[in-house]
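# Fold and geometry: a report
Residues per chain are reported as follows:
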Amino acid sequence: MADVVVKTEKVVKEYRMGTNVLRALDGIDLEIYSGEYISLMGPSGSGKSTLFNMIGALDLPTAGRVFIDGQDMGRLSQSQIAWFRCHRVGYIFQSYNLLHVMTALENVTLPMIFAGLSTSERRDKGAELLDRVGLGERIHHRPDELSGGQRQRVAIARAFANGPSIILADEPTANLDTVIGREIIDLIKQLNVDQGVTVISATHDLKMLDVSDRIVDIRDGLVERIRNRDEIEIQVGEVGGH
Amino acid sequence: MEQQTRGTIGQQIELPFMESVRISFQSLMIRFGRSVITTAGITLGIAFLVSVLVNNEVSVAMKESGSKQEITTFEAEEPKGISMKDKWLIIMSLIVCVVGIANSMLMAVTERFQEIGTMKCLGALDRFVVRLFLLESGFQGLAGALIGALIGCLGSLLLGLKDYGLDLFFYFPMLPVLNEQPARFGVLLIILAGCVLGMILSVIGAAFPAWRAAKLPPAEAMRTEV
């Protein structure tokens, strides 16, 4: 059995909205193993995004505990959490979230600045990462000079900047067409296999479920069921026309 | 793409000052149009302040020179220092500047929620975000105040030329005279003080928006739509 990289224990998250209390998570118990490719599924309002934020050290639970790499997130200081986000977790967003004032290389090297790498180390490593995602020729282009697929590739390179143990991908193909979406999924899967990094993805995309090791269904703030890839049948059609 | 050793945890996250300067400057240059509009407020305020102070310096200098020479055009004028009305106007204009800067920076923060959230997701500490916004505002303040100080000075020079003619150039109070009572600061020192004041006011105006930006939870970045 592989190491547990993320563990949640009876995680509850409540949001106060005026006099009402909305319980987004109602006691989630989940273990995610090192090197696993896991997909979180659930309808809008199921608590999927809230759980995603907890696992990514972006938010803290109202009750219960979240462990990432064996560390209880609730016990860490602000600077330790920032260190965690910088070194241990790589984020890939639906809308890419690149900084528009920076070039592709500068976007990729920003987390490396926070990690304390020298200018030359950053430049070399950033160029290598962009080359690996197929953007070696476009490192000095700004996001508005790149296509959606290329922007997401930059975001993927940035997510891997400091050698994270977890990649969090929030609907990474939602804004991309089928062919480009497939390329992005293949790239993430390839890095998952090559680097042994754990990929946790929130998605509705069947193509992403196809490459997942496990699929976690979230409903009404609870884990409804967890399925292994071989337990489900997915037929992903190919779109022709090149 | 090496992975960190599992289980260990550090605290050391850094953003070297020169990198902060570079990022802030780059951010200003990319949003040049908006930066110019924000800067215009501080330019006008400092131009007004500097023109009043330089006018006062000029009138004192010319009055003193007049006591040594027979120049009748300004004989009747008594240098009275800066009037209460002018002082009030200066204070009001500077308050308007600070409010204008605060308003612009609040808008900038709102526009850049996603950018701030993303930076925090990448490991930025609250103080990095504050520093970036304050630096941006400081640059704007310095540039705006320098332009304003030069405009104010030029305006006073033209006004002085109209009142005193070319004699103004002989007695123009460029340098400070500190051993007189009251001390005269000179135009260079007024310009310098105007620049520093403009920068300080700009940073004060940006302080609350920068703090607000820094406190933004990173989860906001996930939620925000482009």
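Before reading further, recall that the structure is shown in the block above.
Let me begin by describing the structure that accompanies this report. Predicted model only: the values in this text are computed from it and were never measured.

### Re the overall build of chain A
Tallying secondary structure elements over chain A gives seven helices and ten strands in all. When each of the 242 residues of chain A is scored for burial, the buried share is 57%. In the form shown here, chain A has an accessible surface area of approximately 9,900 Å², with 45% of it arising from carbon and sulfur atoms.

### Things to note about the interface of chain A and chain B
Contact residues are listed per partner, giving 51 residues for chain A and 41 residues for chain B. For the pair chain A and chain B, the summed buried surface comes to about 4,100 Å²; carbon and sulfur atoms form 58% of the total. Considering only the side of chain A, the residues that lose the most area to chain B are Trp83, Val101 and Phe114 of chain A, jointly responsible for 18% of the buried surface there. Summed over the shared surface of chain A and chain B, the number is two salt bridges.

### Observations concerning helix α5 (residues 126–164) of chain B
With 39 residues, α5 of chain B extends 55 Å between its outermost C-alpha atoms, agreeing within 8% with the 57 Å of an ideal straight helix rising 1.5 Å per residue. At the C-terminal side of α5 of chain B, Gly165 of chain B shows a positive phi close to 75°.

### Examining unusual backbone geometry
You will see that Glu171 of chain A, though not glycine, has its phi angle at about 45°, which is positive. Tracing the backbone through its elements, the reader meets Glu171 of chain A in the loop between β7 (166–170) and α6 (178–195).

### A few points about the pairing of β7 of chain A
All names here are of chain A. With five of its five residues buried, β7 lies for the most part within the structure. Burial along β7 is two-sided: the residues Ile166, Leu168 and Asp170 and Ile167 and Ala169 are all buried. For strand β6 (residues 89–92) and β7, the ladder comprises four bridges, and the chain directions are parallel. Note that in β7 the partner of Gly90 across the bridge is Ile167. Considered for its hand, the β-α-β crossover made up of β7, α6 and strand β8 (residues 198–202) is right-handed.

### Let's talk about the sheet that holds β6 of chain A
Residues and elements named next belong to chain A. The six strands are arranged β6-β7-β8-β3-β9-β10 in an open sheet whose pairing can be described as mixed. A strand with exactly one partner marks an edge of an open sheet, and here the two such strands are β6 and β10 (222–228). The sheet shows a mean angle of 20° between the axes of neighbouring strands, direction not considered. Here six bridges tie strand β9 (residues 214–219) to β10, and the two strands are oriented antiparallel to one another.

### Focus: the side chain of Gln26 of chain B
Within the fold, Gln26 of chain B resides in helix α1 (residues 17–30). From its side chain, Gln26 of chain B meets the backbone oxygen of Val101 of chain A in a polar contact 3.5 Å long. Polar side-chain contacts of Gln26 of chain B include one of 2.9 Å to the side chain of Glu106 of chain A. Setting aside residues up to four positions removed in sequence, Gln26 of chain B forms contacts with Val101, Met102, Glu106 and Arg142 of chain A.

Parameters and conventions
Residues numbered from 1 in each chain as written. Chains lettered and ligands numbered in written order. Predicted model: local features only at pLDDT ≥ 70, side-chain atom pairs only at ≥ 80, totals over all residues. Heavy atoms only, no water. Helix = DSSP H or I, 4+ residues; strand = E, 2+ residues; numbered from the N terminus. Buried < 20%, exposed > 50% of the residue type's maximum accessible area, 1.4 Å probe, protein only. Areas by Shrake-Rupley, 256 points an atom, 1.4 Å probe, with all protein chains shown as cover. Contact = heavy atoms within 4.5 Å. Buried area = accessible area lost by both parts, 1.4 Å probe. Salt bridge = Lys/Arg side-chain N within 4 Å of Asp/Glu carboxyl O. Expected span 1.5 Å × (residues − 1). Pairing = 2+ DSSP bridges. Right-handed = clockwise from strand over helix to strand, strands pointing away. Axes fitted to C-alpha atoms, helices over the stretch in contact; angles between N-to-C directions. Polar contact = N/O pair within 3.5 Å; in protein donor to acceptor, adjacent residues only side chain to side chain.

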